[in-house]
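Spelled out from the first residue to the last, the chains are:
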Amino acid sequence: MEQRLLYYSTNLKAEAVSFSQALLKGQAPDRGLYMPQSIPGISPDEIHHYSGLSYPGIAFDVIRRFLKGEIADGELKELVTDAYDFPVPLEKVYDRKYIMRLDQGPTASFKDFAARMMGRLMQYYLKKNGQKLLILTATSGDTGSAVANAFYGLDSIQVVVLYPGSEVTDRQRKQMTTLGKNVHVLALDAKFDDCQALVKQAFSDPDLDHLSLSSANSINIGRLIPQIVYYFYAFSRLRMDNHPEQIIFSVPSGNFGDMMGGIFAMKMGLPVKKFIIATNENDEFPKYLETGKYEKIEPSRNCISSAMNVGHPSNLARLVALYGGMMDEKGIIHRAADMDLMRKEIFSVSISDQQTRETIRNMFRDNHLILEPHGAAGWAGMLEYFTLYPKDYQPEQLCVSLETAHPAKFPEEIKKTIGLDPELPESLEGLDGKPEFVTAMPVDYLEFKKFLLSSF
Ligand SMILES: *Cc1c(COP(=O)(O)O)cnc(C)c1O
């Protein structure tokens, strides 16, 4: 077997571990996030070769490089083939400007890409070691259902999902609460950040050690690695033959897991000209990129792109680490990142709710495409970028904006904006009549701990 790639903690106070340990732990014991000690490279020739591979074929080749020596090729191939059995459409808007629809998985958001792979990898290692796991996950809407769906019915894994009671749509809620079995759903009268804080506190509580807690939030490196793949996939389908070129991506972002996948792809060798990071009115990142000073937003602002209502992106410490800096879990910067390089590679802009609605309206009117609020923020971010860099608006420049959820997950907002009820994908049908299983929980760590100790 090849030499293993080890994973270090961004807080630099914990031991480096193997991929499987990082995957099963989630967060490092020093509260940092796991990062690979080096980033595997992919040569231009190998990238060209991707044009002849299927999505699972590319996924296998990318993911394998991070799991060196920890899983046999044949077994990994089976896992990716099983995880990625749905299409990844690239829809042309005009010229070489595209929308990549990451909404065709079983819970109709891009979170399926990560959750399905992570679930399969966890199951693989747990079975091998005869272990059990209790997954705690906070969700702003889509993680909960993707994770619950990916782990549903597995006997070695129990799942607890915490969500902000009044900040998810009915459909998003029902995707989690109608499952039952090993999926336990807690509704909190709180913000996403409060849910996340309870989960983080549980991870560092020694009284809960015996429960083998793990995280399925985007702090888990096992979620991040699968999100590298679709950036390579988009380029493999859209690049011109025998013509060197660079691609521009626009990523609607909240906790920055999606965007980190893209940055990893670029650092591995994908020819990216620019990443456009669109946030909603939670603009802590665009401000940080501009000034070099970071201030989280507490409490986070409520926007219609609710899955991006994040006042302190949990993956930011990873981004800072990749650019040579060090940020702790509280968002305090101990060593500055290379901001000049970051600004060269990343453009970031905050998109208001009003702009988001206008974008949904214009996209429908001009291009007959339906975007939901997150994907619309991504597209709006790209348009903002073009006003500053008009050269990249030219027809030959390849640009891809990510649509991160299916419009039918946000029917209220779509109806209000364009007067249309988006057609339900098969995966979302039949939720309405089903019974829901959900427990109300106060924002109180001791109550949460009591629940965990008495239930598991
Ligand atoms: C989670 C989510 C996002 C934000 O992704 P991050 O990885 O947290 O930045 C954007 N859109 C949708 C629909 C989501 O569910």
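The structure displayed is predicted, hence computed values, not measured ones. (Residues numbered from 1 in each chain as written. Predicted model: local features only at pLDDT ≥ 70, side-chain atom pairs only at ≥ 80, totals over all residues. Heavy atoms only, no water.)

What follows concerns the pairing of strand S3 (residues 90-94). Summarising the sheet, S3 and strand S4 (residues 97-101) pair through four bridges and their orientation is antiparallel. Following the sheet pairing, Leu90 is matched in S4 by Met100. The antiparallel pairing of S3 with S4 creates a hairpin that spans two residues between the two strands, and Asp95 there sits at a positive phi of about 45 degrees. (Pairing = 2+ DSSP bridges. Helix = DSSP H or I, 4+ residues; strand = E, 2+ residues; numbered from the N terminus.)

Lining the immediate environment of the ligand, one finds 15 residues, of which Lys111, Asp142, Gly254, Asn255 and Thr404 sit closest. In this structure, an oxygen atom belonging to the ligand sits 2.6 Å away from a side-chain N or O atom of Lys111. Burial of the ligand by the surrounding chains reaches 98%, relative to a free accessible area of 380 Å². In terms of residue class, the shell around the ligand is built from six nonpolar, six polar and three charged. (Near = heavy atom within 4 Å. Polar contact = N/O pair within 3.5 Å; in protein donor to acceptor, adjacent residues only side chain to side chain. Areas by Shrake-Rupley, 256 points an atom, 1.4 Å probe, with all protein chains shown as cover. Nonpolar A, V, L, I, M, F, W, Y, C, P; charged D, E, K, R; others polar.)

Here six strands make up an open sheet; going across it, the order is S3-S4-S14-S9-S10-S13 and the pairing mixed. Two strands close off the open sheet at either side, each with one partner strand: S3 and strand S13 (346-350). Geometrically, the sheet is characterised by an average inter-axis angle of 25 degrees between neighbouring strands, direction not taken into account. Sheet topology places strand S10 (residues 272-279) next to S13; five bridges connect them, and they run parallel. Directly across from Ile277, in S13, lies its bridge partner Ser348. The strands touched by helix H12 (residues 284-291) within the sheet are S10 and S13, with S13 carrying the most contacts at an inclination of about 135 degrees. (Axes fitted to C-alpha atoms, helices over the stretch in contact; angles between N-to-C directions. Contact = heavy atoms within 4.5 Å.)

In this section: the side chain of Ser314. When you line up the elements, Ser314 lands in the loop between H12 and helix H13 (316-322). If near-sequence neighbours (up to four positions away) are discounted, Ser314 is found in contact with Leu33, Gln196, Lys200, Ser218, Ile219 and Asn255.

The subject of this paragraph is the pattern of salt bridges. Following the criterion strictly, the structure yields 27 salt bridges and no others. Salt-bridge contacts for Lys449 lead to Asp205; the nearest nitrogen and oxygen are separated by 3.0 Å. Separated by 244 residues along the polypeptide, Lys449 in helix H18 (residues 445-455) and Asp205 in the loop between helix H8 (192-203) and strand S8 (213-215) bring together distant segments of the chain. The class for Lys449 is buried, based on a relative accessible area of 13%. Across the salt bridge formed by Lys287 and Asp283, the nearest N and O atoms sit 3.4 Å from each other. With relative accessibility at 14%, the residue Asp283 sits in the buried group. One network of salt bridges, with partners in common, ties together Glu46, Asp61, Arg64 and Arg65. (Salt bridge = Lys/Arg side-chain N within 4 Å of Asp/Glu carboxyl O. Buried < 20%, exposed > 50% of the residue type's maximum accessible area, 1.4 Å probe, protein only.)

Here the focus is the nonpolar core. With 109 residues, the main nonpolar core has Phe232, Phe249 and Phe285 as its most contacted residues. Of all the elements, helix H5 (residues 111-129) adds the most residues to this core, at nine residues. Other than its neighbours up to four places away in sequence, Phe285 contacts Phe256, Met259, Ile277, Leu316, Leu319, Met342, Ile346 and Ser348. Val93, Met308, Ile370 and Ile414 belong to the second-largest nonpolar core, a separate cluster that totals 24 residues. (Core = buried A, V, L, I, M, F, W, Y, C linked by side-chain atoms within 4.5 Å.)

Let us now look at helix H4 (residues 73-83). For H4, the set of buried residues is Leu76, Leu79, Val80 and Ala83. Angular distribution of buried residues about the axis of H4 spans 95 degrees; they occupy a single face of the element. Against the buried residues of H4 lie helix H3 (55-64) and H5. (Arc of directions from axis to C-beta.)

With that out of the way, let us pick up the sheet that holds strand S15 (residues 439-441). Ordered in space as S8-S5-S6-S7-S15, the five strands form an open sheet in which the pairing is parallel. Only two strands of the sheet have a single neighbouring strand rather than two, namely S8 and S15. Across the sheet, the axes of successive neighbouring strands diverge by a mean angle of 30 degrees, strand direction being ignored. Sheet analysis places strand S6 (residues 157-164) next to strand S7 (residues 183-188), joined by six bridges and oriented parallel. Each residue of the ladder has a partner; that of Leu162, found in S7, is Leu186.

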